[in-house]
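Residue-level structural notes
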There are 2 protein chains.
Amino acid sequence: MKRIQKEAGTKDLRFAPEDVLAENLKVIQGAVTPFALVNNVEKHNVIVLLDKNLTDCGCPFVLHPCRNDKSCLVTFPQLEQFLNKLGYTYKLVDFGAEAAPAEPAKKQPAEKKAPAEKKSQAAAVEEKGETKLGIQNTIESNFSSWYTEVITKAEMIEYYDVSGCYIIRPWGYYVWKTIQQHFGRYIERMGVEDCYFPLFVSKNCLEREKDHIEGFAPEVAWVTKAGDSDLEQPVGIRPTSETVMYPYYGKWIRSHRDLPLRLNQWNNVIRWEFSHPTPFIRTREFLWQEGHCVWPTEQQCTEEVLEILDGYAEVYEKLLAVPVVKGRKTEKEKFAGAYFTTTVETFIGSVGRGCQGGTSHNLGQNFAKMFDINIQDPENNDKTIIPFQNSWGLSTRTIGVMVMVHGDNKGLVMPPRVSQVQVVIIPVGITKSTTEEERQTLLQEAQRLEKELNKADIRTKADLRDNYSPGWRFNHWEVKGTPLRIELGPKELQEKQLAIAVRYNGERRTVAWDGNVTKSLATLLEEVHDGMFEKARQTRLTHTKRVTDWGDFTATLNQKCILLSPWCGEMSCEDNIKTFSAEESKAAQSEEVREDARAPSMGAKSLCIPFEQPEGVEGLTCVCKGCTNPAKQWVLWGRSY
Amino acid sequence: MKRIQKEAGTKDLRFAPEDVLAENLKVIQGAVTPFALVNNVEKHNVIVLLDKNLTDCGCPFVLHPCRNDKSCLVTFPQLEQFLNKLGYTYKLVDFGAEAAPAEPAKKQPAEKKAPAEKKSQAAAVEEKGETKLGIQNTIESNFSSWYTEVITKAEMIEYYDVSGCYIIRPWGYYVWKTIQQHFGRYIERMGVEDCYFPLFVSKNCLEREKDHIEGFAPEVAWVTKAGDSDLEQPVGIRPTSETVMYPYYGKWIRSHRDLPLRLNQWNNVIRWEFSHPTPFIRTREFLWQEGHCVWPTEQQCTEEVLEILDGYAEVYEKLLAVPVVKGRKTEKEKFAGAYFTTTVETFIGSVGRGCQGGTSHNLGQNFAKMFDINIQDPENNDKTIIPFQNSWGLSTRTIGVMVMVHGDNKGLVMPPRVSQVQVVIIPVGITKSTTEEERQTLLQEAQRLEKELNKADIRTKADLRDNYSPGWRFNHWEVKGTPLRIELGPKELQEKQLAIAVRYNGERRTVAWDGNVTKSLATLLEEVHDGMFEKARQTRLTHTKRVTDWGDFTATLNQKCILLSPWCGEMSCEDNIKTFSAEESKAAQSEEVREDARAPSMGAKSLCIPFEQPEGVEGLTCVCKGCTNPAKQWVLWGRSY
């Protein structure tokens, strides 16, 4: 009651007597709910306070509809809408907070000074914001809901009204921008040049290479109209640019002096998939780079394929702190039309699935033959030589992998090198006894530190919004995964020590606030990167099992593992492994092994043939049930995205 | 005859007697043409020499078809195809060159040493290359042909098989990349964040703002199919992103603390125009950035509009060396749905036309009302406040303007700051008497200098291809517009002086080749930038005429000028000025005033109301024929792209 009195700004608070209720809300006692406000619109003399807990609770709650012999279920957004319609503002009050252990700073002078009305609006708005709440879903209970909740609440992604397309907000786009800069420099140093080929591709060009188009045709989006006019000839939207670019390669390349031709472009492509989309991971439009190079010899072509793969591994390991396995795809899994495909494979420990991180293809002479790319033999004018091509792509999927690998039940965990904000500074410890001067000094010091760190290229933000409590701000930046949080209070100011919370492992650190502070923080950020990488690497190591007998295969798979198993090289075994593991999983299906709704029926695919082959494959037989062929290679098997 | 003998590698050359012709080509004397080779396929004992002039000539030439009482027209590509089909290689010989004044270095040891066969192939390939020839069209005779020839031969653009779409090759894309980096940093410092919104927009969103969609609807491309399936609901491709983004702005923006919202994206947009496309200038797909910001007050919104316009002016003036006029568009010319539009206007002196360089719009509250973007009034909870928006875009049109402003009859002229190669080094003066050691020293020194300059961030390329003559290489880099060419010969090596040719004004400079060489060249490049800017500024100044009487209007316009003329502010006068100037131009049409096919019938549009208004508009009447209204402003009028 005291709290209500305070929040409503009234004195001498009492329950309303019958007549007052009748006059103002036209309901009897026991039937007073927000719904009764429909009868108060003209008088408009009611102050509405709502318990903050209502907003935290995803499920609907029960209210009487102006009479107490009926009930109805309402969600908080519905209630909010109802109040908006009537023109009522409301104030959210954290009634639970009084009982709960107090946050460092409970009341701030700023809050006190704000007029009640302003504050009420501030509180209401605060609770409407994107990141108002912690993450509701857990990784363990529902991974895919956790994922979508995290990327939306961390303001990486906004859902969009064209299915399979998503808005990449600045917090997500910054990661991509960093990848662009890093990998852009990498290929520039190699000698690859940037260019831009059109979004549209004619039907004629698109269909030139048979295997390739078979792979992509069902997903090509077609423009058939402009304004109100039908186009004479529909144009496709590139799902990738091989068939867009290579007719022109044929035109440009005449002699060995035109080689190598090494082009790259950063663009958007469209693959109109009909399967369930997942932001970043599987979307109808995505951003990527695609490189397309032509070399006179197969060896040079392959060398570049591998140099690019190293670049992709670098993006994952050095920027995103995600370990990868480099390897070659099987014939079944290779790029449509390629001679062979190399890949960096990542591992999502929470669901025990692999995820293809980026691919670099050696196209051999296949496309060159189709698109008349050839040169005169410098040794013999009468002959032509067909050069060798490669193509390679890295997409915004990188961001999704990063989220899945590092995120925890509190939200996103950002690897420092790609985080738009690396360090957030939040003033704490402002209490009733804090003087205005002390408060000002604290805020000024926070800003000074922010400036100093930014000057040293440590991306820092001092969050000084005094209309949000420190606890709210802690939560906000935690959901967004900011690597380091500095809690700056009078104590820190006095002792010249910074209290730091490390997002990825929850550790608390103390760093001397002296002339070396930027250096110390830079070192700490590097340590965070290394720690995150090592944590992810350990997860992958402990979830990569060597299995040589079929008897262990599916059970191990269902322990959220990926498997290194011997394979004879036959595609039929590859198909069978998928089928058998799916069937056995279904049979063994139980709550324990189900990590999400899709998993149980999903069989194991070959993720890659790792370049680093463990010893001892000689003498083993293929892992596939019933196959007695000698094994040729260790293959990495697993469920995958 | 001597030349043929030499080129064919034969001795004692004679005309073939009747029997030899009959046996080998099955034709009579007087009927010997390449067509006769159809009868030589088995023997295959003919050496084919073609005059290089054939390749230079765009028009077909006449050949007898194995008999000399018939003739047929053949183009060089057809002839080439014919020879290819038969399996004949040929050698291009510049028979005309013997008479023409010799290039600095005529014969090089390298050429001498190459076996005849290899050299023949080299020569043939050389002539097939993109930049084999100088520019055939002149600015004066046919500007639009000159333009397309320059951008293709300089390897900026390749024509594409979907109309209105073009391939931007590395030499062109580098300019865009530089603009992205520069302007990207500019807005980042302002506090604008990068993001990415989808390519597709639903019909529903697209049609929300009426004026806006009226402006864009006829040009929207629609995807109606994916693979073989018809989409339930067609999706449009963004012509710009206001209607893509603003529904989400409405969702994100709740309180004044969510403002300002300042987002930018670099992307591709589609406007399916049906008028004649011009690469870079008017294309169906183009690359641009689009910024979209929301501010609580109109003043803040306008301040940003102008700060962005300054950024655009900086791109033109500081990077592209193109002067601009900043101003405001008239109501007629403003962006569909905007409150007002500001613009940077450029001037293409060669055709006397203006070209809109980039626009920054204040959208007022118009879109906010349509898309429910509003915040609660912090002073009064019951009220909402509608914020103010702006949007602004700069596209790859910049590159087209740059080409048109600076190019000359020798080809492109690149402003140094955006040129992928700023300095090209070409070894010269290698003669018969040059020893192999001297030659090697020269090449090594060229490479050493290349490395030294690149290290100092002067983008340098040593063109050491000894299969191309120095003259050919001079021409190659001249067509591409490389700002500086260093001609490095034994003399320069000895005297420690660099001989430099400056592309934009044809001047020759000498620079001491000492420890300050990188500094000297960096200074020279700055000088080139300033000189190019000043030249373009002078052109614009001398072609901007102040005209207050209608009697002078059209005649001045037809002298390739833009006009500063007083205007009463009525849209009817704006329409009339366009109509009248078009009619009068048609009437006065003569060879002298026609700069290209489209110009004569084109009337003058208002380019902008310049921010810098000359004095003296008071007391003047509107320039429009018959209008007696007092003038309100000076307006810049002209033909435009």
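Worth saying up front: this structure is predicted, and the values here are computed from it rather than measured.

What about the overall build of chain A?
Secondary structure summary: chain A contains 20 helices and 27 strands in total. Summarising its shape, the C-alpha atoms of chain A cover approximately 105 × 65 × 60 Å along the three principal directions. Residue pairs at least 24 apart in sequence account for 69% of intrachain contacts in chain A once pairs closer than 6 positions are excluded. Just so you have it, chain A exposes about 27,400 Å², and 49% of that area is on carbon and sulfur atoms. Put simply, chain A has 80 plus and 87 minus side-chain charges, and the middle of one group is 4 Å from the middle of the other.

So, the pattern of salt bridges
All names here are of chain A. A complete count under the given rule lists 59 salt bridges over all chains for this structure. One salt bridge connects E445 with R448, and the closest N-O pair in it is separated by 3.0 Å. Of this pair, E445 and R448 both sit in helix α15 (residues 436-455), separated by three residues, roughly a single helical turn. Residue E445 is classed as buried on the basis of its relative accessible area, which comes to 16%. Exposure remark for R448: the relative accessible area of 41% places this residue in the partly exposed category. In this structure, R485 engages E478 in a salt bridge whose closest nitrogen and oxygen atoms are separated by 3.6 Å. Judged by its relative accessible area of 11%, R485 is buried.

Side note on the relation of the copies chain B and chain A
When chain B is brought onto chain A, the operation consists of a screw motion whose angular component is 180° and whose axial shift is 0.0 Å, with 0.5 Å RMSD remaining. Here the transformation between the copies is reduced to the relation of a two-fold axis. Relative to the rotation axis, the closest C-alpha in chain B is found at V223 of chain B, a distance of 1.9 Å. In this assembly, 100% of the residues forming the interface of chain B have copies in chain A that are likewise at the interface, indicating an isologous arrangement.

Considering the packing of helix α19 (residues 550-557) of chain B against helix α20 (residues 571-587) of chain B
Residues and elements named next belong to chain B. Close contact between α19 and α20 brings their axes to 9 Å; oriented N to C, the two are set at 65°. Crossing geometry of α19 relative to α20 is assigned as right-handed. Between α19 and α20, the contacting residues are W550, F553, T554 and L557 on the first element and I577, F580, S581, E584 and S585 on the second. Per-class residue counts for the contact of α19 with α20 are five nonpolar, three polar and one charged.

Regarding the nonpolar core
F200 and Y249 of chain A together with F200 and Y249 of chain B are the most contacted members of the largest nonpolar core, which totals 84 residues. Once residues within four sequence positions are removed from consideration, Y249 of chain B is found in contact with F197, L261, L263, H292, V294, I373 and Q389 of chain B.

With respect to the interface of chain B and chain A
Tallying the contact residues gives 73 residues for chain B and 73 residues for chain A. Both faces considered, chain B and chain A share a buried interface measuring about 6,700 Å² in area, 55% of it formed by carbon and sulfur atoms. Inspection of the region where chain B meets chain A yields six salt bridges. Between D194 of chain B and K177 of chain A there is a salt bridge; the shortest N-O distance is 3.1 Å. Put simply, chain B and chain A have 32 residue pairs in polar contact (both at pLDDT 80 or more) between them. Of all the elements, helix α6 (residues 116-128) of chain B adds the most residues to the side of chain B that touches chain A, at seven residues.

So, the side chain of R262 of chain A
Residues and elements named next belong to chain A. Along the chain, R262 turns up in strand β11 (residues 261-270). Of the polar contacts made by the side chain of R262, one reaches the backbone oxygen of M190; its length is 2.7 Å. Of note is the side chain of R262, whose polar atom sits 2.8 Å from the side chain of E304. With near-sequence residues (within four places) excluded, R262 lies in contact with M190, G191, V192, E193, H292, C293, W295 and E304.

As for the packing of aromatic side chains
Following the criterion strictly, the structure yields 50 aromatic pairs over all chains and no others. Here the aromatic rings of Y246 of chain A and Y249 of chain A are separated by 5.3 Å at their centres, their planes lie at 50°, and the arrangement is tilted. Pair noted here: Y246 of chain A and Y249 of chain A are both in helix α11 (residues 242-252), with a separation of three residues, about one helical turn. Under the relative-accessibility criterion, Y246 of chain A is labelled buried at 0%. Each member of the aromatic cluster is reached from another via a ring pair, and the members are W176, F183, Y186, W266, Y312 and W392 of chain A. Over the ring of Y641 of chain A we find R353 of chain A; its NZ or CZ atom is 4.4 Å from the centre of that ring. The ring of W222 of chain B is capped by K203 of chain B, whose NZ or CZ atom sits 5.3 Å from the centre of that ring.

Quick word on the domain arrangement of chain A
Residues and elements named next belong to chain A. Taken domain by domain, chain A holds domain 1 (1-93), domain 2 (143-406), domain 3 (423-537) and domain 4 (547-638). Computed from C-alpha atoms alone, the centre-to-centre distance between domain 2 and domain 4 is 28 Å. Between domain 2 and domain 4 the total buried area reaches about 1,800 Å² when both faces are included, carbon and sulfur atoms providing 62% of it. Taken as a group, T330, K332 and R353 account for 30% of the area that domain 2 buries against domain 4, more than any other trio of residues on that side. Seen at the junction of domain 2 and domain 4, the total is two salt bridges. Our enumeration of links across domain 2 and domain 4 arrives at seven residue pairs in polar contact (both at pLDDT 80 or more). Considered class by class, the residues forming the side of domain 2 that touches domain 4 number six nonpolar, eight polar and eight charged.

Details of helix α11 (residues 242-252) of chain B
With ten of eleven residues buried, α11 of chain B lies mostly within the body of the structure. Buried within α11 of chain B are the following residues: E242, T243, V244, M245, Y246, P247, Y248, Y249, G250 and W252 of chain B.

Quick word on the sheet that holds strand β22 (residues 497-502) of chain B
Residues and elements named next belong to chain B. Strands sit in the order β20-β19-β21-β22-β23 across an open sheet of five strands; the sheet is mixed. Since the sheet does not close on itself, it has two edges, and those belong to β20 (460-462) and β23 (508-512), each with one partner. Geometrically, the sheet is characterised by an average inter-axis angle of 25° between neighbouring strands, direction not taken into account. Pairing between strand β19 (residues 423-427) and strand β21 (residues 484-488): five bridges, direction parallel. Within β21, the position partnered with I426 by the bridge is E487. Here helix α16 (residues 470-479) sits on the sheet and contacts β19, β20 and β21; the angle it forms with β19, its principal contact strand, is near 170°.

Things to note about a nonpolar patch on the surface
Residue and element names in this part refer to chain A. Taken together, the side chains of M1, I4 and F15 make up a nonpolar region of the molecular surface, amounting to roughly 360 Å² of accessible area. For F15, the position within the fold is in the loop between α1 (2-8) and α2 (18-24). Owing to a relative accessible area of 75%, F15 belongs among the exposed residues under this scheme.

Looking at the pairing of strand β18 (residues 388-395) of chain B
Residues and elements named next belong to chain B. In terms of burial, β18 is largely enclosed, as eight of its eight residues are buried. Neither face of β18 is open: one carries F388, N390, W392 and L394, the other Q389, S391, G393 and S395, and all of them are buried. Relative to β18, strand β12 (residues 285-295) runs antiparallel, the two sharing eight bridges. By the bridge assignment, V294 is partnered in β18 with Q389. Note that strand β15 (residues 353-364) and β18 share five bridges and pair antiparallel.

Notes on helix α7 (residues 143-153) of chain B
Residue and element names in this part refer to chain B. Where burial is concerned, most of α7 is hidden: eight out of the eleven residues are buried. Here α7 has its buried residues at F143, W146, Y147, E149, V150, I151, T152 and K153. Among the structural elements, β5 (157-159), β14 (340-348), α14 (397-406) and α16 are those in contact with the buried residues of α7. After α7 finishes, the residue E155 shows a positive phi value of roughly 65°.

Rules and cut-offs
- Residues numbered from 1 in each chain as written.
- Chains lettered and ligands numbered in written order.
- Predicted model: local features only at pLDDT ≥ 70, side-chain atom pairs only at ≥ 80, totals over all residues.
- Heavy atoms only, no water.
- Helix = DSSP H or I, 4+ residues; strand = E, 2+ residues; numbered from the N terminus.
- Contact = heavy atoms within 4.5 Å.
- Areas by Shrake-Rupley, 256 points an atom, 1.4 Å probe, with all protein chains shown as cover.
- Lys, Arg positive; Asp, Glu negative; His and termini not counted.
- Charge placed at Lys NZ, Arg CZ, Asp CG, Glu CD.
- Salt bridge = Lys/Arg side-chain N within 4 Å of Asp/Glu carboxyl O.
- Buried < 20%, exposed > 50% of the residue type's maximum accessible area, 1.4 Å probe, protein only.
- Least-squares fit on C-alpha atoms with pLDDT ≥ 70 in both.
- Axes fitted to C-alpha atoms, helices over the stretch in contact; angles between N-to-C directions.
- Left-handed = near helix turned anticlockwise from the far one by under 90°.
- Nonpolar A, V, L, I, M, F, W, Y, C, P; charged D, E, K, R; others polar.
- Core = buried A, V, L, I, M, F, W, Y, C linked by side-chain atoms within 4.5 Å.
- Buried area = accessible area lost by both parts, 1.4 Å probe.
- Polar contact = N/O pair within 3.5 Å; in protein donor to acceptor, adjacent residues only side chain to side chain.
- Phe/Tyr/Trp six-rings, centres within 6.5 Å; stacked < 30°, edge-to-face > 60°.
- Lys NZ or Arg CZ within 6 Å of the ring centre and 35° of its normal.
- Domains from an automatic or database assignment.
- Pairing = 2+ DSSP bridges.
- Patch = residues over 30% accessible without salt bridge, like charges linked within 9 Å, V, L, I, M, F, W, Y side chains within 5 Å.

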